[in-house]
Amino acid sequence: MREVYLNGQFLPEDQAKVSIFDRSLLFADSVYEVTSIVEGKLIDFKNHMKRLDRSMKELGFEKSLNHDEILNFHRQLIKLNNLNEGIVYLQVTRGVFDRDFTISQKNISPTVFAFTQEKKIVESESSKKGIKVMTVDDLRWKRCDIKTTQLLWPSLAKTEAFKKGFDDAWMMREGYIMEGTSNNAWIVRSKNVFTRQSDQLILSGITREAVLNCAKNLGYEVIFKNFTLPEVESAAEAFITSATSFVTPVIQINEKKIGEGEPGEFTKALRAEYIKQAIKSSI
Ligand code: PMP
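Residues numbered from 1 in each chain as written. Predicted model: local features only at pLDDT ≥ 70, side-chain atom pairs only at ≥ 80, totals over all residues. Heavy atoms only, no water.

Q: Please clarify how the pairing of strand 12 (residues 221–224) should be interpreted in this entry.
A: Along a regular strand, successive side chains alternate from one face of the sheet to the other. Pairing geometry for strand 11 (residues 192–195) and strand 12, over four bridges, is parallel. What sits directly across from Thr195, in strand 12, is Phe224. Handedness of the crossover joining strand 11 and strand 12 through helix 6 (residues 206–217) is recorded here as right-handed. (Pairing = 2+ DSSP bridges. Helix = DSSP H or I, 4+ residues; strand = E, 2+ residues; numbered from the N terminus. Right-handed = clockwise from strand over helix to strand, strands pointing away.)

Q: When you look at the side chain of Glu273 in this model, what are you seeing that I'm missing?
A: Take Glu273: it is sitting in helix 8 (residues 265–280). Given the relative accessible area of 11%, Glu273 is considered buried. Apart from residues no more than four positions distant in its own chain, Glu273 is found in contact with Cys214, Asn217 and Leu218. (Buried < 20%, exposed > 50% of the residue type's maximum accessible area, 1.4 Å probe, protein only. Contact = heavy atoms within 4.5 Å.)

Q: What is the right way to read the nonpolar core from this model?
A: Across soluble globular proteins, you tend to see nonpolar side chains buried next to one another. If you look at the biggest cluster of nonpolar residues, it comprises 28 residues, and the most contacted ones within it are Val193, Phe239, Phe266, Leu270 and Tyr274. Elements with a minimum of two residues in this core: strand 3 (30–38), strand 5 (86–93), strand 10 (184–189), helix 6, strand 15 (246–253) and helix 8. With five residues, helix 8 is the largest single contributor of residues to this core. If you count residues domain by domain, this core takes at least three from each of domain 1 (3–118) and domain 2 (125–281). Grouped together as the second largest cluster of nonpolar side chains are 23 residues, Tyr5, Met56, Val112 and Ala114 included. (Core = buried A, V, L, I, M, F, W, Y, C linked by side-chain atoms within 4.5 Å. Domains from an automatic or database assignment.)

Here's what the structure looks like:
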């Protein structure tokens, strides 16, 4: 059984309980971060903390959290659970008070919890084989830049994709690809890599930020631009980025193969470069 973290305490997973009045249960009023762990160390932790601060600020959470304390309990969780490779999931909710649409209470303490999950990240199956994605409408709200736990649509969409034999769904608005259910979308054409500009309609990925530099190191130009389904279909390569998938090739969209229908050479090189940098800078 895992040891998890809840509001300052480490507990066996079946003893960690939150109130039914927690705003995260009643209104999905909470934010989260997922940090990947390789060789027992945290990848890109500082940037995850910056984004956490931003998400909390955008929702008007009253207090911010101390990053050193968060780092400390992340490390403790890794140790307590002997985690070599996988993730630490962190969630911060606005807190607990009687159900009310108006956020009228003052001095609310956030609920903070975290747990580990083992996962093969560096040598994942999907990175070797590539993934197939299906397009769906993006039915999310228009503040996807905030990393909230309102994940019902991405979860339903990914489940639908699985049922149809795909690995993930890419969400579309007005003819443009926004992002994957839990990852950023990219395409490659000659020596250019395209990924959508950051605004309120997508999450600005921490992995994406790091990958930009890796792409430049490999002599590619990164262009922030919306792209359409036909542009994906005719791309040389496509891939996704996220904390848990790093850089993972996309080999098919709907019924159409991308490039040769196999992981592309650039994507493979980019993944290797990212892993090298990520491990070097892990803490
Ligand atoms: N977009 C969405 C919608 C996501 O949920 C995620 C995963 N958190 C990402 C992009 C990728 O972000 P990151 O690289 O920070 O994991």
